[in-house]
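Examining the three-dimensional arrangement
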Amino acid sequence: MLIVLFLTLATAAPESVLPITSANGKILATGVLLDRFTVLTAAHAVGSERTVVFVTCGKKEMAGAVTRRATAHDLALVTLYTSCNDVDVSELATTDPAAGESIDVVGYPSRELTHSSGKVQGYTLLALKNFRMGNGLFWLAMILGADVRPGNSGGGVYSQNHKLVGIVHGFSESIPGKPGVAVPLSAINQFLSSTEEN
């Protein structure tokens, strides 16, 4: 039996998880602060390059732009125009978590910070066409045994020692039960170390 805890806990989640909104205030996604000027998020949620978005850093709303995307990994970088100094940055883990390891999923599916605990259910290859992002491409997805809601896209998946191990993509239509899936750390590292867009 899988028991999932889903709570609104502003104090239990890493501060580096931030809401991303459009110019008209609509919640687009969640993002994770990697350094004072860089937010990592899901590409499908924030639009094309040079799209201007707003990130809430602490109590301040800061403008930024999508500066890099990788459709094959569903990852994007938002570069802030001013430094976000009011919250901590996320620290990357060193390896992908194994199946059965405990994780926390943190995001803004609404205007409130939410935190869901569970375990990594495993890994699978998913076709990008399932996510309306292309044809004939596959990506390695981490299957989450933690609750994921619309708006969690781009949010952080954290290990029990609060290190970033994944970025929430959304749901998988091709897996029974439609569990939440995330881009694992290995793909994040590949994206961050590459200058190519795909």
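The structure we're discussing is the one just above.
**Quick word on the state of the cysteines**
- Per the counting criterion, the structure on display carries one disulfide.
- Paired through a disulfide, Cys57 and Cys84 show a sulfur-sulfur distance of 1.8 Å. Taking the torsion about the sulfur-sulfur bond, which here is approximately 85°, the covalent link between Cys57 and Cys84 counts as right-handed. Placement of the pair is Cys57 in strand β5 (residues 52-57) and Cys84 in the loop between β7 (75-80) and β8 (102-107), with a sequence separation of 27 residues. The burial state of Cys57 is the same as that of Cys84; both residues are buried.

**Concerning helix α2 (residues 185-193)**
- For α2, the set of buried residues is Leu185, Ala187, Ile188 and Phe191. Along the long axis of α2, the arc covered by the buried residues comes to 160°, so they all point the same way.

**Section: a nonpolar patch on the surface**
- Residues Leu125, Phe138 and Leu140 make up a contiguous nonpolar surface patch of about 330 Å² in total accessible area.
- When you line up the elements, Phe138 lands in strand β10 (residues 138-144).
- Classification of Phe138 by relative accessible area gives exposed; the value is 56%.

**A few points about the nonpolar core**
- Counting residues in each nonpolar core, the largest one holds 23 residues, and the members touching the most others are Val17, Val32, Leu40, Leu75 and Ile167.
- Looking at this core, the elements that each hand over two or more residues are β3 (27-35), β7, β10, β12 (164-171), β13 (180-184) and α2.
- One finds Leu18, Val53, Cys57 and Val66 within the second-largest nonpolar core, a separate group that totals 18 residues.

Parameters at a glance
Residues numbered from 1 in each chain as written. Predicted model: local features only at pLDDT ≥ 70, side-chain atom pairs only at ≥ 80, totals over all residues. Heavy atoms only, no water. Disulfide = S-S within 2.5 Å. Helix = DSSP H or I, 4+ residues; strand = E, 2+ residues; numbered from the N terminus. Buried < 20%, exposed > 50% of the residue type's maximum accessible area, 1.4 Å probe, protein only. Arc of directions from axis to C-beta. Patch = residues over 30% accessible without salt bridge, like charges linked within 9 Å, V, L, I, M, F, W, Y side chains within 5 Å. Areas by Shrake-Rupley, 256 points an atom, 1.4 Å probe, with all protein chains shown as cover. Salt bridge = Lys/Arg side-chain N within 4 Å of Asp/Glu carboxyl O. Core = buried A, V, L, I, M, F, W, Y, C linked by side-chain atoms within 4.5 Å.

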